[in-house]
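Take a look at the letters that make up each chain.
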Amino acid sequence: MDLLLPTSSSNPSESLTGVGGAASRTPSEARRGEAGEAAMMSTSPDAADSVDALRFQIDSLQTRLHELEVRNAELSSRLSRCCCRKMEDKIISVVDEGGVVDGNGKSMNSGKKTGKKKDFKTGILEHHPRRYVALRLMYFGQRFYGFASEAQLDPTVESEIFKALEKTRLLVGDKKKSQYSRCGRTDKGVSSFGQVISLFLRSNLRPKSTDDANSWELPIERDVLEAEIDYVRVLNRVLPKDIRVTGWCPVPIDFSARFSCMSREYKYFFWRDNLDIMAMESAGQKFVGDHDFRNFCKMDAFNVHNYKRHITSFELSSCDKRLESNELWCFKIKGSAFLWHQVRCMVAVMFMVGQGLESPNVIDALLDTDGTPRKPQYTMATEMPLVLQTCDFEGVRFICSSDARQALHLHLEEAYQTYELQAAMTHEAFLSCLPQEHGFSDQSLLGAHRKKKAASHISLMSRPTEPSYEERRAKLNLKVEACELSGQSI
């Protein structure tokens with residue numbers, strides 16, 4: 001039997017440990033042995049160099065990551081201040097009658113035929129910076145079914161404005177998200193030179209704080225103005241010829257074009273003819289102050305329950321425009337707010353006073369709702385000469401760039417010249433239809449058409465009346481009860 005003797009060491013104990021030491025060690029000894037081996041490895045030069053190299057790589061990556069984060073923040077800040085915004089202009093440019101209009105309202109016609117316009121949705125711009133602004137509008141209402149687009153009739157001034165906002169990609173989100181409000185709801189055929197609306201629009205500027213809406217205050221610096229979108233010019237390039245934006249102003253988010261308005265002024269133009277101006281001035285002063293105007297409006301008993309309004313001033317003035325012996329005048333009526341058709345009803349009664357058909361005291365009788373609870377039936381004045389002239393707000397100063405002002409001036413000058421040409425041609429046509437063989441002068445014949453046969457006039461206080469407010473409300477309550485019982489909506 002051969003014996004296997006250890007040959008790797010001359011020390012018997014080392015041989016025994018090498019052959020069977022691992023099995024004969026206690027657990028604590030085994031752990032101490034493993035720790036000793038790890039310590040021997042960690043203290044070796046090669047292992048130390050590897051650890052230092054890994055630590056250096058980690059430190060380098062962390063430094064590079066920090067540099068990239070700083071660079072990213074710097075580029076984002078530069079992009080938010082960039083006035084060119086070429087990438088955005090490429091997206092928001094619109095096609096209008098074969099020409100391309102960029103975000104600053106400048107033409108970008110390339111002479112090439114454009115393909116089918118893509119149907120972009122306003123929702124894609126919800127991530128863009130925005131600001132709450134007030135826009136001042138001018139429009140001639142002859143072809144519109146009023147200002148508001150809540151009814152199904154079209155076109156309205158409001159519908160044309162939102163079409164322009166969508167074309168120019170200024171609308172952020174939809175109409176509901178824009179916090180839209182309007183100062184007045186002019187009726188069909190009524191014009192305005194100072195209507196005001198407010199809403200959120202896309203902005204070229206990012207606010208300093210995260211709450212972008214609250215960071216925009218009324219003061220605006222010149223450099224900020226130059227960097228911001230020229231809202232007036234951009235919108236006027238795509239709006240119809242009878243609608244124009246004349247100014248814009250940044251406003252706080254609690255601003256309301258309707259409820260923040262301090263006063264509104266209307267003008268109503270008319271030819272003097274043979275009207276008694278002094279009697280009309282006397283009657284007009286009776287409107288000034290706080291009165292119940294339910295007999296001077298179209299009553300909406302379902303929505304309106306308070307018919308008291310404050311009239312600040314009621315004036316008559318000449319417009320310095322004549323047609324032969326006739327002269328153009330206007331009423332100027334200023335107040336805090338007005339009821340539905342209030343101005344046109346007031347003017348209708350004023351014309352009766354001017355014609356001598358009613359006494360100025362009829363105004364007192366109609367304003368006395370206790371003595372006259374029901375409105376007499378009469379036809380209100382026509383809508384075409386009525387203009388919402390101004391809407392006044394505290395601290396709101398509308399802005400219009402020099403380029404936009406010049407373009408607006410040229411547009412109105414061309415329109416004025418066109419209407420003057422049409423007026424001259426109409427006057428010439430009128431003269432050509434007059435008989436000349438009897439030797440009448442042109443001036444005498446021009447005045448002859450105003451001598452109309454006076455129709456039999458029934459005094460306002462003797463006419464049939466409309467239902468009173470209380471009678472209308474009682475009828476509405478019965479209708480509401482009937483609808484509730486039947487489960488139908490009103």
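Above this text is the structure in question.
Residues numbered from 1 in each chain as written. Predicted model: local features only at pLDDT ≥ 70, side-chain atom pairs only at ≥ 80, totals over all residues. Heavy atoms only, no water.

## With respect to the pairing of strand β11 (residues 386–392)
Part 1 of the reasoning: Of all seven residues that make up β11, five are buried, and the element is covered over most of its length.
Part 2 of the reasoning: When strand β5 (residues 191–202) meets β11, the two strands line up parallel, connected through two bridges. Note that in β11 the partner of Ser191 across the bridge is Val387.
Part 3 of the reasoning: Taken together, the six bridges between strand β7 (residues 263–271) and β11 define a ladder with antiparallel strand orientation. Across the sheet, Tyr266 pairs through a bridge with Leu388, a residue of β11. (Buried < 20%, exposed > 50% of the residue type's maximum accessible area, 1.4 Å probe, protein only. Helix = DSSP H or I, 4+ residues; strand = E, 2+ residues; numbered from the N terminus. Pairing = 2+ DSSP bridges.)

## Concerning the pairing of β5
Part 1 of the reasoning: The element β5 is largely enclosed, with a buried count of eleven among its twelve residues.
Part 2 of the reasoning: Of the pairings in the sheet, the one linking strand β3 (residues 130–139) to β5 comprises nine bridges and is antiparallel in character. Residue Tyr139 lies in a different strand from β5, and its bridge partner there is Ser192.
Part 3 of the reasoning: As paired elements, strand β4 (residues 181–182) and β5 share two bridges and run antiparallel to each other. By the bridge assignment for β5, Ser181 is matched with Ser198.

## Description of the pattern of salt bridges
Part 1 of the reasoning: In total, this model carries 16 salt bridges according to the counting rule given.
Part 2 of the reasoning: With its nearest N and O atoms 2.5 Å apart, the salt bridge here joins Asp242 to Arg143. Taken as a pair, Asp242 in the loop between α8 (231–236) and β6 (243–250) and Arg143 in the loop between β3 and α5 (157–167) lie far apart in primary sequence, 99 residues in all.
Part 3 of the reasoning: Judged by its relative accessible area of 40%, Arg143 falls in the partly exposed class.
Part 4 of the reasoning: The shortest N-O distance in the salt bridge between Lys334 and Asp392 comes to 3.7 Å. Placement of the pair is Lys334 in strand β10 (residues 326–335) and Asp392 in strand β11, with a sequence separation of 58 residues.
Part 5 of the reasoning: According to the relative accessible area criterion, Asp392 is partly exposed, its value standing at 29%. (Salt bridge = Lys/Arg side-chain N within 4 Å of Asp/Glu carboxyl O.)

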